[in-house]
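# Coordinate analysis (summary)
Spelled out, the chains give:
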Amino acid sequence: MSEANTSETAAVSIRHLSKSFDDVEVLRDVELEVKTGEVVTIIGSSGSGKSTLLRCINWLEQPDRGSIHIAGQRIGVNDAGRPMPVRELAKVRAKTGMVFQGFNLWPHLNVLHNVTEAPIHVQGKSKREAEELATALLEKVGMAHKRDSYPNTLSGGQKQRVAIARALAMQPTVMLFDEPTSALDPELVGEVLAVIKDLSAEGYTMVMVTHEMAFARAVSDQVVFLEKGLIIERADPETFFTTPKTDRVRKFLENHDTPSPA
Amino acid sequence: MNASAWQMLLEGAWTTVWISAVSIAIGVVAGLVIALIRLARIPIIDQLLVLYISVARATPLVTLALFIFLSAPDLGLDLNRSVAGILALSLNTTAFNAEIWRSAFRNFSREQSEAAMATGMTPWITFRRIMLPQMVITSLPGLVNEMSFLIKGSPAIAVIGIVDLTRVTNRISAVTYEPLPPILVAGALYMAIIGCLVWLQRLAERRANRLAM
């Protein structure tokens, strides 16, 4: 794998990524390649570094060493090897869309404006153009009927679906999902997973941290298992869930009720 | 009270309103600017701002107004009374407003800013579009409180010869020997002015409900 080659063609290319919080190494020499159209799921017990890895991809966390390229462009560090100026960083960040565990909608804006805010004020789209796009995306996630509502009137599942539309509105190269259903009541998990599943069927490139094993098995092209900041196993979902190579993963799957094939 | 007394009262009320309004406008904006600068934690400058805030908060308005008005000639400044009065009120209210804005910054949800940055917003756009609109709503009760303190404290500027709504009642009763009527009218006018602010605050509270998620 020559560096120039892979970073140019991959949607996300992570090389030799390491990060510590104080004395704790949360990521150790992580290598990950996400091809365009691929769905990669990151699995691991809590504290294994999976959210940190995801948050490094759009530079919400800054790694200590290593590099990340989004569609061939390095994030966070410019050609001279210095930290990127904020405007440049924002531009690369816009190639990623992120969905958070806690939704993080902006409460002072209604549903429609949550989705149009970045296209208008970051990409400079006209209000009409942004609203057309937003309406289409809200229809896709089944939230068009709530376009004039404010976030505080929505259920968790509805909020998360709006948050997905908000991230899609920037037409990102890759969508990042940070435990998108962990904060939801069990009966609301399904509606969010259904939306994400639709996106994978449409060919969106996605990196997802999740505890939903059956879902991971159903939508992933690649499953990565993180343990103490180290990728200890990576495989296609069938292999990963049926014949894991390491004892650690076998034990983890036993504790998580290994799903039967969806 | 005769017609000229009424006219004097209204002129006094106008003086109070415009001097207070200008000072409030300066104080709200300058307070925000100071809070923004303090976020950057620039060495020396930060300490200077802290010193200013503690001095301004601890100094009585009368003292501040007198000091500014009397020291201006020594500094080679030719301040008229109104400017000196506005300066005193602004210096005082800015210090309080800076603290109100600063706590709004501190309490702002980190998650919301992250969501903004994640969509590609620069820190400036994030501040302008996501943080400030919410900070205005959450800070308004505190700011309006400070505004009404300023208006109620504004008679202090009479000490440098400004004829405001309170001072004018003295002038009227000096002629009519009836102090009660003008002071009652002045009281009613103060209540009307503060009433406008309270109405503004109620408007903000209705919007604030939306932010409680």
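The coordinates are above.
In what follows, the accompanying structure is described. (Residues numbered from 1 in each chain as written. Chains lettered and ligands numbered in written order. Predicted model: local features only at pLDDT ≥ 70, side-chain atom pairs only at ≥ 80, totals over all residues. Heavy atoms only, no water.)

### Let's talk about the interface of chain A and chain B
Counted only if it meets this: Contacts between residues were defined by any pair of non-hydrogen atoms, one from each residue, lying within 4.5 Å. By convention, the term buried area covers the 1.4 Å-probe accessible surface removed from two parts as they join, with the contributions of both added. Think of a salt bridge as a Lys or Arg side-chain nitrogen and an Asp or Glu carboxyl oxygen that are within 4 Å of each other. Two N or O atoms count as a polar contact when they lie within 3.5 Å, although within protein this holds only if one can serve as hydrogen donor and the other as acceptor, and sequence-adjacent residues are included solely when both atoms are side-chain atoms. Strands are runs of DSSP state E lasting at least 2 residues, helices are runs of H or I lasting at least 4, and numbering of each runs from the N terminus. Each residue is assigned to one of three groups, with Ala, Val, Leu, Ile, Met, Phe, Trp, Tyr, Cys and Pro labelled nonpolar, Asp, Glu, Lys and Arg labelled charged, and all others, Gly among them, labelled polar.
At the junction of the two partners, chain A supplies 27 residues and chain B supplies 23 residues. Note on chain A versus chain B: buried area summed over both sides is about 2200 Å², and carbon and sulfur give 65% of it. Area buried by chain A at its contact with chain B is led by Trp106, Pro107 and His108 of chain A, which between them contribute 27% of it. Counting every contact that joins chain A to chain B gives 2 salt bridges. Glu114 of chain B is the partner of Arg55 of chain A in a salt bridge, and the nearest nitrogen-oxygen pair spans 2.7 Å. Our count for the contact surface shared by chain A and chain B stands at 7 residue pairs in polar contact (both at pLDDT 80 or more). For the side of chain A that touches chain B, the secondary-structure elements that each account for two or more residues are helix 3 (86-93), strand 6 (96-99), helix 4 (111-121) and helix 6 (156-168) of chain A. Broken down by element, the side of chain A that touches chain B gets its largest block of residues, 4 residues, from helix 3 of chain A. Its residues placed into classes, the side of chain A that touches chain B shows 15 nonpolar, 6 polar and 6 charged.

### Remarks on the pattern of salt bridges
As a working rule, side chains carrying opposite charge can pair if their charged atoms are close by. Applied cut-off: With a 1.4 Å probe rolled over the protein chains alone, any residue whose accessible area is under 20% of its type maximum counts as buried; one over 50% counts as exposed, and the rest are partly exposed.
If you walk through the whole model with that rule in mind, you get 16 salt bridges over all chains. A salt bridge links Asp46 of chain B to Arg38 of chain B, with the nearest nitrogen and oxygen atoms 3.1 Å apart. The pair Asp46 of chain B / Arg38 of chain B is uniform in exposure class, with both members buried. Between Glu99 of chain B and Arg102 of chain B there is a salt bridge whose closest N-O contact spans 3.6 Å. Taken together, the residues span about one helical turn, with Glu99 of chain B and Arg102 of chain B both in helix 4 (residues 81-107) at a distance of 3 residues. Judged by its relative accessible area of 21%, Glu99 of chain B falls in the partly exposed class. When salt bridges that share partners are traced, they join Arg55 and Glu61 of chain A together with Arg110 and Glu114 of chain B into one network.

### Let's talk about the sheet that holds strand 10 (residues 230-235) of chain A
All names here are of chain A. Put simply, the rule is: Note on pairing: DSSP must find at least two bridges between two strands before they are called paired. Every axis in this analysis is a line fitted to C-alpha atoms, fitted for helices over the stretch in contact. Angles between the N-to-C directions lie between 0 and 180 degrees.
The mixed open sheet is built from 6 strands, whose spatial order is 6-7-8-3-9-10. Both edges of this open sheet fall to strand 6 and strand 10, since each of them pairs with a single strand only. In this sheet, adjacent strand axes meet at a mean angle of 20° when their direction is disregarded. Taken together, the 4 bridges between strand 3 (residues 39-43) and strand 9 (residues 222-227) define a ladder with parallel strand orientation. Within the sheet, the bridge partner assigned to Ile43 lies in strand 9 and is Phe225.

### Points about the sheet that holds strand 2 (residues 24-34) of chain A
All names here are of chain A. With antiparallel pairing, 4 strands are arranged side by side in an open sheet as 2-1-4-5. Of all strands in the sheet, those with a lone pairing partner are strand 2 and strand 5 (73-74), marking the two edges. Bridge count for strand 1 (residues 12-21) against strand 2 is 7 bridges, and the pairing is antiparallel. Note that in strand 2 the partner of Ser13 across the bridge is Glu33.

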